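# Tertiary structure, described
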Amino acid sequence: MNQFDFSADPPATTQAEDYFQRYGFASRIAQVLLNRRESSSITLGVYGAWGEGKTSVMRFIEQELAAHSDAIVINFNPWRFSDEPSLLLAFFTTLAERLKPLSPDTRWYKTRKESIGEAVLKYASYATVLKATPASGLADALPGLGKALADVPLEKLKVRIEEFLQLAQRKIVVIIDDIDRLEKTEIHAVFRLVRLTADFPYTSYILCFDDRIVASSIGERFADGSQQSGHEFLEKIIHVPLRLPQATKRDLRDYLFSSLAKAIEEVGVSVPAADLDKFRESFGKYFLARFTTPRLAKRYVNSLSFVLPLLQNEVNYPDLLLIEATKLFYPSIYALIREHPGYFLGSFEVRHWSAQDEKKRHTVFFEQHLSSFSPDSQASVKELLAELFPKLAELWPTRYFHPEHEELFNEKRIASAHYFDRYFSYTILKGEVSDVVYDAFFNALSGDPLKAEELWRQLLAAGNLWDLHFRFYAKRNEFTSDQATALISILAGHEVEIKAKKRPDDSFDHHFDTARQIASLLTFNVAAPHQLGVLEAVFAAPVSFELLYQMTHELLRPQRRGEPVSKDLQTQASTRLLARALQEAGPVSLVALHQTAVQLLFKIWAQVRGQASLSEYLDQHLPDEASLLQLIRAFIYPTNSSSQAAPYLSDFGQPEFTFMQSLFDPTPFARLLSPAHQEVPPTFPSAGYRQPAADDLLLRQFAYWCQHPPTPAK
């Protein structure tokens, strides 16, 4: 990560830094002051809002004065003093220091054995004490001024200073900036200071401030306390009021983009040119009207320079640039997004609410929170929000469409619930894995198996199986055949570790199904010529029968009709699964060893080896009623109900018996039933609605269907 030199908003100091064409304005002020022939004092006011560049203009004026004259420039900072006496004393002390003799040979600054600097200091001390001392205590305070002041009246000192300045005929320019940042009492003190010294000859004052703020402050001291009263007061003090030339929107925009490009380069984050172009277009539409001062550009660039390295490759860059701009130019909208994500994420199709009701609820919400904006600003905000959060395009007529959640996820958009928090936390939250790791893993699948294995272990160690599942799902259309083959090998090789990571109390973990992942990759991503080879490798790997069963079941499920699952792949998977089951079972019945897989296994057997072969196998492996009960139970799917604490087996009904008939003839096995279970009523003996069926009842239900076989469907 490269180092970025964060800007504390220093003013421009040279003409080369004049981004907003104000150097000519500053140069003109300097020329006016230098070319004045009158010796009388003059006060100029340079008005401008905070952050508009007033201090930069002051620096330009100083530079011009230094380059073209021997004028004495005093840049007085009133911020450093907490009370008026300190302010007055500091000002005169500063003035005295600048007026002290520069060498013993100079003559203009000395008269009657007293330098002008010494006279100014005396005047400063006298004026300060008079200001700080109540009238009732003045007599007591005067003796404390010392011998230098005890016998010298204030007016005489002031006259003496004026004589010095008349004799020297040296122009003095006093610049006082940032007056609008002072407290009200301090603002009043500065203007009293100017009034106190405004008739010094050859002295010019340049006062720099936001006239609205200062007028409001001064106006409180007048009769009606209005801003207008403050402006009328300023008219008496300021001889030449000047408004800072306004920076054009084009100059401000170019300055921002130039500063942003430089900052991005300095922090070492690679932002695609297309992303920057997209941001430039969006910025002009949504924020340019509110972009009024250069300081806003510096604040924005500082913010981005801090955030970008933290979220490098972790978010969508155009979205990040826009949401950070929103934070600066629409802070209330930024807070609204951060605090109410439900109004910005997802879709209008939610549980328990109709889409129409949801849209009405959103409309009321946004009308309430956008009511304080002007119609033009409302339009800009709505289009901005629709670009960031496409679902809102359904509320307002915009040109943006609503992409699928998967697309938002793949593009790391702020509108994706998975990425939303990152734009506000500036970090990868606990339990998440950096996109950098995922990207490296997917790239390693293309030809670096050792690196892929290392990164996989890192991903698995994080334990966020839901995240893994969704990322695989979202990239399912992007995996190459080689990547899919490598990923299948990794998934099969880490079956045990994946199972160990699944938390029984976390429903999200159950979405990560290794068998289904493998079936999906094999079907959609592995090239057809390689599918059978990859399938063979999976069966040869040290994986469980359960994984092979679930994978084959997924490849054979009827819902996949029309999807690219070849008949050869299905046949090979079926044949290999049955062979694996028989190998593992040995002399043990498949019904006993793989009860949950019996329906699929027997279906495969009947298709591949024929029904007669299956019946022969059952004759050999169903010796008694207990084994028959296992077979019956294997053909009933467990039922879930709120009335039962756990899944249970309900009736062995007509659908179950009919399916059994489609595979083999079950009636010969009725011989295994005990006499008690062969006695059945004339109607089907049901367990009842949402009730589990006891083993005895299941056996009698089997007997019922053998004695009353359903009519085969035509």
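Residues numbered from 1 in each chain as written. Predicted model: local features only at pLDDT ≥ 70, side-chain atom pairs only at ≥ 80, totals over all residues. Heavy atoms only, no water.

Okay, the overall build of the protein chain next. Check the secondary structure of the protein chain and you find 35 helices and seven strands. When burial is assessed residue by residue, the protein chain has 49% of its 714 residues classed as buried. Across the protein chain, every contact between residues at least 6 apart in sequence was considered, and the portion connecting residues at least 24 apart equals 73%. Total accessible area on the protein chain stands at roughly 35400 Å², and carbon and sulfur atoms take up 52% of it. (Helix = DSSP H or I, 4+ residues; strand = E, 2+ residues; numbered from the N terminus. Buried < 20%, exposed > 50% of the residue type's maximum accessible area, 1.4 Å probe, protein only. Contact = heavy atoms within 4.5 Å. Areas by Shrake-Rupley, 256 points an atom, 1.4 Å probe, with all protein chains shown as cover.)

In space, the five strands of this open sheet follow the order β2-β5-β6-β1-β7, with parallel pairing throughout. Edge positions in the sheet fall to β2 (72-76) and β7 (240-243), since each has one partner strand and no second. Here the strands of the sheet are splayed against their neighbours by 20° on average, with no regard to which way each runs. Sheet analysis places strand β5 (residues 172-176) next to strand β6 (residues 203-209), joined by five bridges and oriented parallel. Along β6, the bridge assignment pairs isoleucine 176 with leucine 207. In this fold helix α8 (residues 184-197) packs onto β1 (42-47), β2, β5 and β6, with an angle of close to 165° to the strand it touches most, β6. (Pairing = 2+ DSSP bridges. Axes fitted to C-alpha atoms, helices over the stretch in contact; angles between N-to-C directions.)

In this section: the packing of aromatic side chains. One pass over the full model with this rule turns up 49 aromatic pairs. Taken together, a centroid distance of 4.6 Å and an interplanar angle of 80° make the contact between phenylalanine 409 and phenylalanine 470 edge-to-face. Here phenylalanine 409 is found in helix α18 (residues 405-410), whereas its partner phenylalanine 470 is found in helix α22 (residues 465-474), with 61 residues between them in sequence. Owing to a relative accessible area of 14%, phenylalanine 470 belongs among the buried residues under this scheme. With a centroid separation of 6.2 Å and 85° between ring planes, the pair formed by phenylalanine 652 and phenylalanine 657 is classed as edge-to-face. (Phe/Tyr/Trp six-rings, centres within 6.5 Å; stacked < 30°, edge-to-face > 60°.)

What helix α20 (residues 435-444) keeps buried is the set Asp435, Val437, Tyr438, Phe441, Phe442 and Ala444. On the buried face of α20, the contacting elements are α19 (422-425), α21 (449-462), α22 and α23 (481-493). The distance from a side-chain oxygen at the start of α20 to the backbone nitrogen of valine 436 is 3.0 Å, and the residue carrying that oxygen is serine 434. (Polar contact = N/O pair within 3.5 Å; in protein donor to acceptor, adjacent residues only side chain to side chain.)

Our next topic: the side chain of histidine 362. Turning to its location among the elements, histidine 362 is positioned in helix α16 (residues 355-370). Excluding residues that lie within four positions of it along the chain, histidine 362 makes contacts with Gly342, Tyr343, Phe348, Lys391, Leu392 and Leu395.

Where burial is concerned, most of β6 is hidden: seven out of the seven residues are buried. The alternating pattern of β6 places Thr203, Tyr205, Leu207 and Phe209 on one face and Ser204, Ile206 and Cys208 on the opposite face, and all of these are buried.

Note on placement: serine 574 falls in helix α28 (residues 567-585). Taking C-alpha positions, serine 574 is 8.9 Å from leucine 600, a pair spaced 26 residues apart along the chain. Setting aside residues no more than four positions away along its own chain, serine 574 makes contact with Thr552, Leu556 and Ile604. A polar contact of 2.8 Å, which involves the side chain of serine 574, links it to the backbone oxygen of glutamine 570.

Here we take up the side chain of glutamate 625. Residue position: glutamate 625 is located in helix α32 (residues 625-634). The buried charged residue glutamate 625 lacks any salt bridge, with arginine 700 as its nearest oppositely charged partner at 9.5 Å. At a separation of 2.7 Å, a polar atom in the side chain of glutamate 625 contacts the side chain of histidine 677. In contact with glutamate 625, other than residues within four places in its own chain, are Leu672, Leu673, Ser674, His677 and Leu699. (Lys, Arg positive; Asp, Glu negative; His and termini not counted. Salt bridge = Lys/Arg side-chain N within 4 Å of Asp/Glu carboxyl O.)

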